Amino acid sequence: MAAARPGASSPLEIARLVKRYGEQTVVNDLSLSVAPGECFALLGPNGAGKTTTLRCALGLTMPDAGQITLCGEPVPERAREARRRVGVVPQFDNLDPDFTCTENLRVFGRYFGIDTATLRERTPALLAFAGLAHKADARIQDLSGGMKRRLTLARALVNRPELLLLDEPSTGLDPQARHLIWRRLKQLVAEGTSVLLTTHFMDEAERLADRLAIMDNGRILATGSPREVIAAHIEPHVVEVYGDWPDGMAAWVCTHGEPLSVRCELSGDTAFCYVDDTAALLAHLAQQTTLRYLHRPANLEDVFLKLTGRDLRD
Ligand code: ADP
């Protein structure tokens, strides 16, 4: 997290936001606030309400109740003014396929009323930041998925935003492209830009976020720094147990879970054992020659699965 400018106010404050579509309450009394210079991650499974929350914050979706202040402006009333000070990386790249990389940045910059001379000056630095200096005159159709995402990030910075909103910035990218996006986001935060991103990648949130919120069914279920959320919501140790047991791991859990003071969750043929103290469990497992196990510290994914369940979402 960057040192906040003295007197800097929160770039985004959402209080008691409600959004309904028909009978469904998609965002349900949600409050959050992004501090100046911090990276805040909104985590949730598909359909949790993350994109709707971002769209409400930008004034693109009308809420049913609640207050939103974006860069000091009330939204939706003054959303247009607020959006001039915000950069947005949408979930799906919407670059103009008929233009080159440079032209995409300039056309977008003109939309913000930035003059031609300023844009000409800014464009090379933005392309270099995105690792696309060598693609300045390339057309969008000739770019890889990672390049398009990087160009979308550069485009979101054309107006030098106070707050950058990113909707699943690394979905669909290969590991190399993800790491580059992460480095760039860290750099922006270090330079003082505030960031709000949505993701369902726990490692992304754990690496980038100063604070995060886990949401599902339109509600925030946990919030804090990644460490705080792990400490508050789950046992510190996880032992994943798998292997041959008569009648499978469910039978092993029934026989041994409670006596060993273990909270167990079954997923396929693996028992996830959550414990405060591993001594008794590990001593027991050491004697079971047909079982294998992996002992590791609890992480954000464990909390996420505990709070949002292991059922598939689509
Ligand atoms: P997330 O970004 O967490 O995947 P969304 O905010 O996109 O979740 O969606 C939350 C819920 O709202 C989903 O059930 C989705 O189908 C529903 N939803 C989103 N937009 C609309 C819309 N325009 N009309 C009706 N339902 C919608």
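Everything quoted here is computed from the prediction, not taken from an experiment.

Criteria and thresholds
Residue numbers run consecutively from 1 along every chain, following the written order of its sequence. With the structure being a predicted model, the display of local features is reserved for residues of pLDDT at least 70 and the display and counting of side-chain atom pairs for 80 or more, all residues being used for whole-chain, interface and lining totals. With hydrogens and water set aside, each side-chain value is computed from the structure's full complement of heavy atoms. Every angle, taken between N-to-C directions, lies between 0 and 180 degrees, and every axis is a line fitted to C-alpha atoms, over only the stretch in contact when it is a helix. A helix here means a DSSP run of H or I that spans at least four residues, while a strand means a run of E at least two residues long, and both kinds are numbered starting from the N terminus. For this classification, under 35 degrees means roughly parallel, over 145 means roughly antiparallel, 65 to 115 means roughly perpendicular, and everything else is oblique. Left-handed is the label given to a crossing in which the near helix is rotated counterclockwise from the far helix by less than a right angle, and right-handed is the label when the rotation is clockwise. Whether two residues are in contact is decided by their heavy atoms: any pair within 4.5 Å suffices. The buried label applies to any residue whose accessible area, calculated with a 1.4 Å probe on protein chains only, is under 20% of its type's maximum; exposed applies above 50%, and partly exposed to all values in between. Paired strands, in this sense, are two strands between which DSSP finds at least two bridges. Looking down the strands as they point away from the viewer, one classifies a crossover as right-handed if the path from the first strand across the helix to the second runs clockwise.

Caption draft 1: Geometry of the packing of helix α3 (residues 101-111) against helix α4 (residues 116-129). For the pair α3 and α4, interaxial distance at closest approach is 10 Å and the crossing angle is 130°. In terms of orientation, α3 and α4 fall into the oblique class. Pair α3 / α4 crosses with right-handed handedness. Across the interface between the two elements, Cys-101, Thr-102, Leu-105, Arg-106, Gly-109 and Arg-110 of α3 pack against Leu-119, Arg-120, Thr-123, Leu-126 and Leu-127 of α4.

Caption draft 2: Structural context of the pairing of strand β7 (residues 163-167). When you tally the buried positions in β7, you get five out of five residues, the bulk of the element. Of the pairings in the sheet, the one linking strand β6 (residues 86-89) to β7 comprises four bridges and is parallel in character. What sits directly across from Val-89, in β7, is Leu-166. Across five bridges, the pairing between β7 and strand β8 (residues 194-199) is parallel. Paired with Leu-166 across the strands is Leu-197, a residue of β8. In this view, the connection linking β7 to its parallel neighbour β8 by way of helix α6 (residues 175-190) has right-handed handedness.

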